Every structure is written in C-alpha cells, then in structure tokens.
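Descriptive structure summary
Listed below, chain by chain, are the residues.
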Amino acid sequence: MNIMRKLRRHGALAGTIAAVALATTLGSAQAETVLRVGNMGEPASLDPHYVSGTWENRIVGDMFLGLTTEGPDGKTVPGAAESWTVSDDGLVYTFKLRDHVWSDGTPVTAGDFVFAMRRILLPATAAEYASLLYTIKGAEAVNTGKAAPETLGVRAIDARTLEITLAGPAPFFLGQLTHYTAYPVPRHVVEKHGKEWIKKENIVSNGAYVLDEWVPNSHIKLAKNPKFYNAASVSIDTVILYPQEDRTAVQRRFRAGEIDVATDFASDQIDWLKANLPNETRIAPYLGIYYYPINTSKPPFDDKRVRQALSMAIDRETIVDKVMKTGELAAYSFVPPGTLNYGEPSYTSFKGMSQADRVARAKALLGEAGFGPDKPLKFQLKYNTSENHKRIAVAVAAMWKKLGIDVELYNSEVKVHYADLKQGKFDVARAGWIADYNDPQNFLYLLETRTGVNNYGRYSVKAFDELMDKASLTADLEARAELLARAEAIAMEDQPIIPIYYYVSKNLVAGHVKGWQDTVNDIHRWRYLSIEK
Amino acid sequence: MFRYVFRRLISAVPTLLIIVTIAFFMMRVAPGGPFDQERNLPPEIEANVLKAYGLDKPLVEQYLDYVGGLLRGDFGPSFEFRDFTVRDLIFGGFPASLQIGSMALLLAIVFGVGFGAFAALRQNSRADYAVMTLAMTGIAIPNFVMAPVLTLVLGVYLSLLPVAGWGDGAWVNKILPVVALALPQVAYISRLTRGSMVEVLNSNYIRTARAKGLRESIVVNRHALKGALLPVVSYLGPAAAAVVTGSVVIETIFEVPGIGRYFVLGALNRDYPLVMGTVIFYAMLIIALNLVVDLIYAWLDPKVRLE
C-alpha cells in the first residue's frame, strides 16, 4: 500500500495517523458501497416545496419520485406513474400510479399528489418556485389567493388514478413533472408534524434514498430506501454529499480520492484538468444561456439599432475560446440548440457575418442612432460578483471600446444585482438562465410582457407576445415550434437581450464510478450509478 | 471581585441592546432583500413570502418583535436555511468552531510566546532575525494561501492527512485547519511577545533582579515573562473571540461545520435573523472574554485593581 510505505518514513506521528486512516478505510471497506459527492452548496431545505438550487435537486431528486422522472440519460421516463393517457385536446392527463409505498410502508396515493400540489400553491406556504406549476388549470388563481385550493385542476379519481387538467396545451408537461415542484409529499406525515416533517426522525419519502443524516455545513447522508419500488436495481447503498463550494478545494479533495464526483470545477482549472485528469473531466452541453439583458425601457436602449450594435460588436468566439476555455458555445439565439419540441433556433441575422463586418455594421448602426466620436455612447454594465462574470465583462467592454463606447463596469453582490434588475435600475447587465424543463417556452417566456420582473429588460413587443400566446394554445407540436421560432426570430432581430454563450455542465467523475452519462439538464440520479472496485 | 464581575455583566446589557439595534437597522439599510434572486418572484408570491416572515410589517414593529423574541430566547428562523432556526444553526455549529479555535489558540500561545521569548533573549542575533523573519512571513502570508498549500502538500502529494471534511470530528481532520488557523496567530503573538520582552528585559526591575544575583532562569521565567505577557493577554481577548467563532476562510477550505461562515453567508444572503444571531453571539463572547482578560490582567499586574 502506497500510503503505508510513505508513512513509515515519517515517524511516530505519521504512524498514528496511519493507524487511524487504516481503521477508517477498513471500516468502510465492507460490502456497503458509498458514493461521495462534492455537491457545491448547503441545501436551504429538503422540503421539495422550498428548494430551488441544483445542489438541492441532487439530494431531493433521489429521495422523492415524481409522476415522471429522469432516466439515466436525463430523458423523461415513467416514475411514480406507470402509465398515462392524454385527452385529444392535450388538456387532460390521467395518470395510473405505480403500486408503491412511502419509506414507512404507507401506500403512495393519488391523494398525496393532490395534497402536495395544493400545498405548494397555497399562498400561506410561500413557496418561491410555485409559479412553475401555473401550467395546471387554476394554479395561478390558487397561488395568488384568488381561488380556493379545491379549485385546482388536480384530482384523485381513486387511490391510484390521478387526473390533471391543464390551463392550455403544454407539450412539455410530462417533462415538467420530473421537476421537484411536482413531487408528492407524504400527506400523513406532513399533516402530523407540520413544518417539522422534514426532520430526520419524521421524514418519509418514496424515492430510491431516505435521509439518514444532515449535519449543516458538513454533509448529508442518504441511505438506500429498501421500500423503493425498484430497490433491487439500486447499486449504491449510501450517498454522502458534501456542501463545500470552494471549487479548487473540492478539486483537491477529488485528487486526493476523498470524493468520487465533483459537480463543478473552476473554469480557470481547465488546462490543468485536461492535461492531468482527461478521463475524469466531463464537459457537456447544458440547457442554459448566459446573456446580457438590455434595458429597453430606457433611452437610448429603446432604439433597436443601439441594441443590435452592442450585440454585434461582441466577439463571442473570443469569449468562449480565450476567456472561458471550458467548451462553451458562442450563442446567437436565446434558446440553446438541441432543446426539445423545437427545431433549429432562430439565430441573429449577423451570425453568418465575419467579426470585422459585424464591427463595421455596428459602427454604422450607432452612427445612424446618433452616436459617434463627438457624441460617444456612455453607460453602465452591471454584473454580480464572480471571477468569470468579471473576466467576460472586461473583455466585452474592450470590444465595445472599439466602437467608441465608454462603458463603466459596475459589480455588486448577487442580491443587490438582482434587486437592481428587478427594479429596472440598469442599462446593460449580466444574467443567466438554466432551463427548468426542456422546452423553448421556458426561455422565450422571459421576454413576454406579462412575465414582469423576470423580463429584466422590460421587452414588450405586441407581435412577440401574440405569437407566444398563440403557441401556448397550440397542441400540434410542429405548428407550436413554428410559432415559437417566429417569436424568437422577432426577439433576435430586436436584441432585447444579447446572447453570449450556451452553458456547459462541468463535472469530475472518478473512473470507478460507472453508469455516468452526460445529459443536457446535468441531472444524474445516484440510483443509476454504481461503483466498480 | 464578584461585585466587579457582576457590575460588568450588568453593564453589558445596554451595550448588547445598542449593538442589536445598530445591527438590525444597518442590515435593513443594505440594498437587496432576502428574496431577490436570479428568478425574481412574481409580486403576489413575493408578498406571500414576505408576509410569512413578517417582513411586510413596518420596520419598527419588526424591530420590537425581534427584541421581544430575543427576550424569550427566540432568535427567529433562518430565511436561507429554512429547515433550521438560527438557534439550531449557531448552537449546532459552535462546538466545531470552538474546538478548532481553542486548539489553534493554545498552539498559538505556546509557540508564539515561546518563539517570542526565545528571540528576545537573543536580541539582534541570527536566531532572533531568523525567528522574526519567519514571523513576518507568517503574518504576510494570508490564510487563503497557506491553507491550500498545506492541503496540497500534506493531503494531495503526500497523502498524510485528509484534504478537507469533518469526518464526524475525527482528530486527523482537525490537524490542518488548526495549524492553518494558528499560523498567523503564532506569528503575531511571537512578535508581540518579543517586542514587550525586549522592553521588559531592559527595565529597572529586571536589572535589580539580576543585581540581586538571581539565576537567569528565574529572572526570565518568573519576572520578565510575567511582565512581558501583559500586551499578549490584552490581545488575546478579542483574538480568542475571533478565533473560536470560526474563520470563514478556514471553514470554507476545510469544510469545518462551524459558525464562521454563517456571518458572511447570512450577510450575503440578506438572511437577517442569521446575521443578527451571529452578531449577538459574537458580541456576548467578546464581552465575556474581555472580562476574563481584565481578570487575568489584574492577576498578572499588581498595579491594576478591580474596583
């Protein structure tokens, strides 16, 4: 054993350390298989109605099982529902629940789903992510306190049959049901313990794992749920998730063999990682967009030519190749390519032009808008504090400088940044969006007038809104995709947002972890993985 | 003496109240709120959330509610870590911070005073310069540089110690955080000790002691060191409070489940109750430790009388 050999040379202290280390190794070297994960965040909660982060999803997503769930390749597969039918108008879904139980042996019923969906939407629950369920008929009215929870379009026909009525046709609905906002919660436990239901001694779940231990800022331990309907297929007995966020510290732990999976790494480490850990470094396209919203309600940004010029002048290839270097793709659309229920995205018209031509055209556009050497365009570019955001902002400012634009870089901590965006207190700002479900609507709706505060730049164009409205009423997938593409084309012509790059997911996965597949939503359920000794 | 302690503790109450008040209102003046985020909440939902936490009430009313809660020992819920109360978080995390901090402090005192005295006794010699150069380096190299270097060398390359993690409190997991936390303190204390020791060694009473023909070891250990420790002791009060309440850097790098991160995380997340809780906790510790320092001071220095 390599470690022992090294230790012998380090005398008595090292000897003791070795004994302890060995004891620890022996202790865990029994039949039990353990997966140790660098999870990049302390969960705010384990109640699926209160979570919102990817690091929480990596925990609750293997504790609870929605009607549909993610397969090993990230695609939607049956979960708690074994089958379903959809009405011809695409509005009524009838699910047949699998015969399965909560981890305390109580059967999971359609009533648990009804209870959960009413609970997350109740104003008193104050669930921040509830609006994701607005696809369901009556959800918005319940959530805003305008209607009683009983009016929600979710009902239990019998213990194992659930009927959900939608507000409009939504081809992404089955995919949306994999999201944690749609997980069931155990009615019998929540009603008995109230807020305390999530505590280790009370919680029960219907997924592959149950909560075994939670020491804040230290770790969360999940133990295999022997009552899981498909427990026989679950290979890993224990999953330990460490909340450490410091990417380089996690990378050192990974190198030292203390963790098996690191769910992110620092971009500036990419050269080292590619040279030293090429097989462990996993980079894959991710359904997300890094973009700069422009405040269209504020002159001179209400002028389309100014926005187009700003967008054209940004050399995205330089940003992804020289600044990021992590395999991100230069973005010329708002919807990332490869999004489901969509064809090729509608790209900006200047995608085919060379960068030199773009800069020339941008100069001309700015000139038309009344800006030039004697009247330079001056504004602020806001970004939230982060090394990457800063590097990109500096690069972009330099590119704009070529057009004679005078940009002031303004960084603030994340809460202040988003408060400013919400209140429209910005000229141009940094933002990002990761899809909640795999559908173009999940990106494009951000530019609808009715979206309100999340339409940061207050883009409001009737033709765009009408196409989005029409698409939301269209059940035919091809016709819908066509309408959405037309809407995106309008937005890409108007450039209320400057797309910069499509995100990639970055993971470090040890060689002995088997079954890992790169997925577009970066969801990898632990129940599908195994460890090869 | 007991009357003195009692009086000091009573006088701490208005101090704490002032701290609570200032912290409460300063926190609210900061722009951005606890629920501002990438996905901004629709106005109706935001209203629900604010109502659930009583944040829709007038500020003064919130303040009175908060102080009222404090009197009942209720520090409120954490906005960010919704499954825990602030009390759970602070009392759950403090033991880890306390262990790491007190071990680091002990290490810092033993080595700091040792090195400082050693250097002072060999003033302007090569040994003195060597020790003081090391100490300067120790002060100059920040924790966030030293800690990764230590983990890289001892953890990754030599595989001697765990790189990070708490390991349910196993002592191997504590070595690196303790050492990394102690190093700058060792450096600072040794410089402090050396400085005051040099001064004391040149003072009249030491000359008298030597003139009496006392053995050098008695002069140094019984007379000089006692006097030389006074500035160290007064430094130790606030230093102890800072060290035992945890270091953000150390806790982040080594994944120590302490409370050092809560203050910074709380402030960044605008988790008002968590920030208030850590402020109050920290203030109480400082008050208590300053009292202890004053008591030690009186014991070390006969000129100081506690009445």
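Here the structure is a predicted model, which means the values were calculated and not measured. (Residues numbered from 1 in each chain as written. Chains lettered and ligands numbered in written order. Predicted model: local features only at pLDDT ≥ 70, side-chain atom pairs only at ≥ 80, totals over all residues.)

Quick word on the overall build of chain A
For the record, the criterion: Secondary structure elements are taken from DSSP: a helix is a run of H or I of four residues or more, a strand is a run of E of two residues or more, and numbering for both begins at the N terminus. Every radius of gyration here is taken over C-alpha atoms, with the globule rule written as 2.2 Å times N^0.38, N being the number of residues. It is the C-beta atoms, placed from the backbone, that decide contacts: two residues are in contact if theirs lie within 7 Å.
For chain A, the helix and strand inventory stands at 17 helices and 20 strands. Here the C-alpha radius of gyration of chain A, 25 Å, is about what a compact globule of 533 residues would show, namely 24 Å. When its C-alpha atoms are laid out on the principal axes, chain A stretches across 75 × 70 × 35 Å. If you take every contact in chain A between residues at least 6 apart in sequence, the share linking residues at least 24 apart comes to 68%.

Focus on the packing of helix α11 (residues 260-269) of chain B against helix α12 (residues 272-300) of chain B
Residue and element names in this part refer to chain B. Which entries qualify depends on this criterion: Axis geometry follows a simple rule: fit a line to the C-alpha atoms, using only the stretch in contact for helices, then measure angles between N-to-C directions, giving values from 0 to 180 degrees. Crossing handedness is read from the near helix: turned anticlockwise from the far helix by less than a right angle, it gives a left-handed crossing, and turned clockwise, a right-handed one. Put simply, Ala, Val, Leu, Ile, Met, Phe, Trp, Tyr, Cys and Pro go in the nonpolar bin, Asp, Glu, Lys and Arg in the charged bin, and everything else, Gly too, in the polar bin.
One way to put it is that α11 packs onto α12 with a least axis distance of 8 Å and a crossing angle of 145°. Handedness of the crossing formed by α11 with α12: left-handed. Mapping the contact onto sequence places Tyr262, Phe263, Gly266 and Ala267 in α11 and Leu274, Val275 and Thr278 in α12. Residue composition of the contact of α11 with α12, grouped by class: 5 nonpolar, 2 polar and no charged.

Describing the confidence of the model for chain B
Residue and element names in this part refer to chain B. Put simply, the rule is: The quantity called pLDDT is the predictor's confidence in a given residue, expressed from 0 to 100.
Here chain B shows a mean pLDDT of 87. Residues at 70 or above account for 99%. Looking at the elements of chain B, mean pLDDT is at its lowest for helix α2 (residues 43-52), recorded as 82, and at its highest for helix α3 (residues 59-71), recorded as 92. Per the prediction output, this complex has pTM 0.85; the corresponding ipTM is 0.83.

Section: the interface of chain B and chain A
The interface is formed by 47 residues belonging to chain B together with 45 residues belonging to chain A. Those elements that provide at least two residues to the side of chain B that touches chain A are α2, α4 (86-121), α6 (143-157), α10 (248-254) and α11 of chain B. Each residue belonging to the side of chain B that touches chain A can be placed in one class, and the counts come to 25 nonpolar, 12 polar and 10 charged.

A short note on the sheet that holds strand β4 (residues 81-86) of chain A
Backbone-to-backbone hydrogen bonds join strands into a sheet, with any given pair of strands oriented parallel or antiparallel. Residue and element names in this part refer to chain A. Applied cut-off: Strands pair, by our definition, only if DSSP identifies at least two bridges between them.
An order of β4-β5-β7-β6 is seen for the 4 strands of this open sheet, with the pairing classed as antiparallel. Bordering the open sheet on either side are β4 and β6 (154-158), each of which pairs with just one other strand. Along the sheet, successive strands turn relative to each other by an average axial angle of 25°, direction set aside. For β6 and strand β7 (residues 161-165), the ladder comprises 4 bridges, and the chain directions are antiparallel. What sits directly across from Arg155, in β7, is Glu163.

Quick word on helix α4 (residues 110-121) of chain A
All names here are of chain A. Using the following cut-off: Here, expected helix span is obtained from the residue count minus one, scaled by 1.5 Å. Every C-beta atom is placed from the backbone, and the number of other C-beta atoms within 10 Å of a residue's own sets its class: buried at 20 or more, exposed at 12 or fewer, partly exposed in between.
Helix length check: α4 (12 residues) gives 17 Å between terminal C-alpha atoms against 16 Å at 1.5 Å per residue, within 8%. Of all the 12 residues making up α4, 9 are buried; the element is thus mostly covered by neighbouring parts of the structure. For α4, every residue scored as buried is listed here: Ala110, Asp112, Phe113, Val114, Phe115, Ala116, Met117, Ile120 and Leu121. Those residues of α4 that are buried are in contact with β5 (92-97), α5 (139-143), β6, β7 and α7 (187-193).

Looking at the packing of helix α7 (residues 172-201) of chain B against helix α9 (residues 216-244) of chain B
All names here are of chain B. Defined as follows: Here is the rule for angles: anything less than 35 degrees is roughly parallel, anything more than 145 is roughly antiparallel, 65 through 115 is roughly perpendicular, and the remaining ranges are oblique.
Taken N-terminus to C-terminus, the directions of α7 and α9 make an angle of 155°; their axes are 8 Å apart at the nearest point. The orientation of α7 relative to α9 falls into the category roughly antiparallel. Seen from above, α7 lies across α9 with right-handed handedness. Residue-level inspection shows Leu181, Gln185, Ile189, Leu192, Thr193, Ser196, Met197, Val200 and Leu201 of α7 in contact with α9, the latter providing Ala224, Gly227, Ala228, Leu230, Pro231, Val232, Tyr235, Ala239 and Val243. Taken together, the residues that form the contact of α7 with α9 break down as 14 nonpolar, 4 polar and no charged.

Observations concerning the confidence of the model for chain A
In this model, chain A carries an average pLDDT of 90, and 94% of its residues clear a pLDDT of 70 or more. Overall, residues 1-29 of chain A carries pLDDT values under 50, and its contacts beyond four positions in sequence, including any with other chains, amount to 18 contacts.

Here we look at the environment of Asp237(A)
Residue and element names in this part refer to chain A. With respect to the helices and strands, Asp237 occurs in the loop between β9 (219-224) and β10 (238-242). Asp237 sits 202 residues away from Leu35 along the chain, and the two C-alpha atoms are 8.1 Å apart. Other than its neighbours up to four places away in sequence, Asp237 contacts Glu32, Thr33, Val34 and Lys224.

Things to note about unusual backbone geometry
Residues and elements named next belong to chain A. That bond from Pro299 to Pro300 is cis: its omega, 0°, falls within 30 degrees of zero. Structurally, Pro300 is set in the loop between β12 (281-293) and α10 (304-312). One non-glycine residue, Ala126, lies in the positive phi region at around 55°. You can see Ala126 is positioned in the loop between α4 and α5. The phi dihedral of Lys325 is positive, around 60°, even though this residue is not glycine. Note that Lys325 resides in the loop between α11 (316-324) and β13 (329-330).

Digging into the pairing of β12(A)
Pairing of β12(A) with strand β18 (residues 497-509) of chain A involves 10 bridges; the strand directions are antiparallel. Bridge pairing in β18(A) links Pro293(A) to Ile497(A).

As for the sheet that holds strand β15 (residues 406-412) of chain A
Residues and elements named next belong to chain A. Spatially, 3 strands are ordered β15-β14-β16 in an open sheet, and the strand pairing comes out parallel. Bordering the open sheet on either side are β15 and β16 (428-429), each of which pairs with just one other strand. The pairing of strand β14 (residues 378-384) with β16 spans 2 bridges and is classified as parallel. Directly across from Leu381, in β16, lies its bridge partner Val428. Sheet strands touched by helix α14 (residues 414-422): β14, β15 and β16. Its angle to β14, the strand with the most contacts, is close to 130°.

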